[in-house]
Amino acid sequence: MSAAPDLAGVEMGGTKMFVLRARGREIVERVMIPTTTPAETLGAGAALLRRWHEAAPFEALGIASFGPLRLDRAAADFGHMLPTPKPGWTGADIYGALAGVLPCPATIDTDVNGAALAEMRWGAGAEGEEAEGGGPSDCLCYITIGTGLGAGFALHGKPLHGAMHPELGHILTRRAPGDAFAGVCPFHGDCIEGLVSGPALAERFGVPGDLIAADDPRWDNVAHDMAQMVGTILLTMAARQVLIGGGVGVGRADLLDRVRAKVVAQLAGYLPFVTEDTIGAIVRPPALGDQAGPLGAVALAMDALADASWR
């Protein structure tokens, strides 16, 4: 049996970046670096990767970053940050700054696409007894709801992107009757991110969502909006699992119960794989918990190692 490869990973977040070393899928060391300016943050990450590599060479690097990102490898700005509300980060060369210091295969994707990939291989998607139809999942969606709403897809073992990566947070859905909340998205107002993200809940309720009782009737409209999002995913992608994480998703099990019931009711029997008996296994928290993000970087590193053209 061949030894597990020595891998490097970077999980790039809006407030902090984790740089990690892994042996196979086992993370053996992880260092947190605050996300400040691109020069400071990426410079510190690159220096750490270079120091680790000189001591014990890496075989591949995976970068899982917040977006939006340019993921078209033929584009001149591949691996750069696209226009973002995070000050100073528009145009930042994430891939070049980190992969450029290591003479090994490397790739980059969104943090949520990476998490979806990890969940497909080692988490919810690998749990054959819970995957609708039995066996490992071939189509999985990972959603994180917190300051914003990000979503990634893993399809047949690969992260999904085309002209761009998925931007599910900005879809527009049918509103609940009588719900006049305008939403908080600066681009679209009442897109799904503008309706159910942490800042949206604070605006809806007047206080942070975690201070609102589970039986408050205003949660009903939030559950309606989230169910519209889940229904859209199930109708367009026929996903076997829709994993909802982040502070809003993981922190409110009672809210997920409401969402499940509304998904079944809204779909009205149209999708035969979505029933009261199956919905609990379809709409659920991530199986890997808070390890989905860092393991997403590891999964991407494994893909880079397997595909020599990714350098």
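In what follows, the accompanying structure is described.

**Focus: the overall build of the protein**
Here is step 1: For the protein, the helix and strand inventory stands at 10 helices and 10 strands.
Here is step 2: Relative to a compact globule of 311 residues, whose C-alpha radius of gyration would be 19 Å, the protein shows 20 Å and is just as compact.
Here is step 3: Overall size of the protein, expressed as C-alpha extent along the three principal axes, is 60 × 45 × 35 Å.
Here is step 4: Counting all 311 residues of the protein, 51% fall into the buried class.
Here is step 5: Expressed as a percentage of contacts within the protein between residues at least 6 apart in sequence, the contacts between residues at least 24 apart total 63%.
Here is step 6: Surface accessibility of the protein: about 13200 Å² in total, with carbon and sulfur atoms responsible for 56%.
Here is step 7: Positive and negative side-chain charges of the protein, numbering 23 and 35 respectively, have mean locations separated by a distance of 3 Å.

**Some remarks on the layout of surface pockets**
Here is step 1: Roughly 180 Å³ of internal volume is contained in the second largest pocket.
Here is step 2: What lines the second largest pocket is a set of 13 residues, and nearest its centre among them are Leu201, Gly209, Asp210, Gly247 and Val248.
Here is step 3: The residue makeup of the lining of the second largest pocket, split by class, is 5 nonpolar, 6 polar and 2 charged.

**Quick look at the packing of aromatic side chains**
Here is step 1: The final tally for this structure, using the stated rule, is 3 aromatic pairs.
Here is step 2: A cation over a ring is seen here: Arg21 above Trp52, with NZ or CZ 5.4 Å from the ring centre.
Here is step 3: Its guanidinium or amino end placed over the ring of Phe18, Arg30 lies 4.8 Å from that ring's centre, counting from NZ or CZ.

**A closer look at the pairing of strand 1 (residues 6–12)**
Here is step 1: For strand 1, the tally of buried residues reaches 6 of 7 residues, placing the bulk of the element in the interior.
Here is step 2: In the sheet, strand 1 pairs with strand 2 (residues 16–23) via 7 bridges, with the strands oriented antiparallel. Opposite Asp6, over in strand 2, you have Arg23 as the bridge partner.
Here is step 3: Turn length for the strand 1-strand 2 hairpin, with the two strands adjacent in sequence and antiparallel, is 3 residues.
Here is step 4: Examined bridge by bridge, strand 1 and strand 4 (residues 60–65) share 6 bridges and lie parallel to one another. From the neighbouring strand, Glu11 faces strand 4, where its bridge partner is Ala64.

**Re the state of the cysteines**
Note on terminology: disulfide describes a covalent bond linking the sulfur atoms of two cysteines.
Here is step 1: In the structure shown here, the tally under the stated rule is 0 disulfides.
Here is step 2: Unpaired in this structure, Cys191 has its nearest cysteine sulfur neighbour in Cys185, at a distance of 3.6 Å.
Here is step 3: The class for Cys191 is buried, based on a relative accessible area of 0%.

**Let's talk about helix 6 (residues 219–237)**
Here is step 1: Between its first and last C-alpha atoms helix 6 spans 27 Å; for 19 residues at 1.5 Å apiece the expected length is 27 Å, and the two agree.
Here is step 2: Ala238 lies just past helix 6 and shows a positive phi near 50 degrees.

**Focus on the sheet that holds strand 2**
Here is step 1: Strand order in the open sheet made by the 5 strands is 3-2-1-4-5, with mixed pairing throughout. Taken across any chain shown, the strands that pair with only one partner, and hence form the sheet edges, are strand 3 (26–34) and strand 5 (106–110). Neighbour-to-neighbour, the strand axes of this sheet turn through a mean angle of 15 degrees, independent of strand direction.
Here is step 2: Along the sheet face, helix 1 (residues 38–55) touches strand 1, strand 2, strand 3 and strand 4 and points at about 15 degrees away from the line of strand 2.
Here is step 3: This element, helix 10 (residues 292–306), spans strand 1, strand 2, strand 3, strand 4 and strand 5 of the sheet and lies at about 135 degrees to strand 4.

**What to know about the pattern of salt bridges**
Here is step 1: Going through the model one piece at a time under the given rule, you end up with 13 salt bridges.
Here is step 2: For Asp77, the salt bridge identified is with Arg70, shortest N-O distance 3.1 Å.
Here is step 3: A salt bridge links Arg204 to Asp225; its shortest N-O distance comes to 2.4 Å. Within this pair, whereas Arg204 is found in helix 5 (residues 198–205), its partner Asp225 is found in helix 6, the two being separated by 21 residues in sequence. Accessibility assignment for this pair places Arg204 and Asp225 in one class, buried.
Here is step 4: Connected through shared salt-bridge partners, Arg175, Asp179, Asp190, Arg204 and Asp225 make up one network.

Rules behind the numbers
- Residues numbered from 1 in each chain as written.
- Predicted model: local features only at pLDDT ≥ 70, side-chain atom pairs only at ≥ 80, totals over all residues.
- Heavy atoms only, no water.
- Helix = DSSP H or I, 4+ residues; strand = E, 2+ residues; numbered from the N terminus.
- Rg over C-alpha atoms; globule rule 2.2 N^0.38 Å.
- Buried < 20%, exposed > 50% of the residue type's maximum accessible area, 1.4 Å probe, protein only.
- Contact = heavy atoms within 4.5 Å.
- Areas by Shrake-Rupley, 256 points an atom, 1.4 Å probe, with all protein chains shown as cover.
- Lys, Arg positive; Asp, Glu negative; His and termini not counted.
- Charge placed at Lys NZ, Arg CZ, Asp CG, Glu CD.
- 1 Å grid on protein atoms, 1.4 Å probe; cavity = no way out; pocket = protein on both sides within 12 Å on 5 of 7 lines; lining within 4 Å.
- Points joined across faces, edges and corners; volume = space filled by probe spheres on them.
- Nonpolar A, V, L, I, M, F, W, Y, C, P; charged D, E, K, R; others polar.
- Phe/Tyr/Trp six-rings, centres within 6.5 Å; stacked < 30°, edge-to-face > 60°.
- Lys NZ or Arg CZ within 6 Å of the ring centre and 35° of its normal.
- Pairing = 2+ DSSP bridges.
- Disulfide = S-S within 2.5 Å.
- Expected span 1.5 Å × (residues − 1).
- Axes fitted to C-alpha atoms, helices over the stretch in contact; angles between N-to-C directions.
- Salt bridge = Lys/Arg side-chain N within 4 Å of Asp/Glu carboxyl O.

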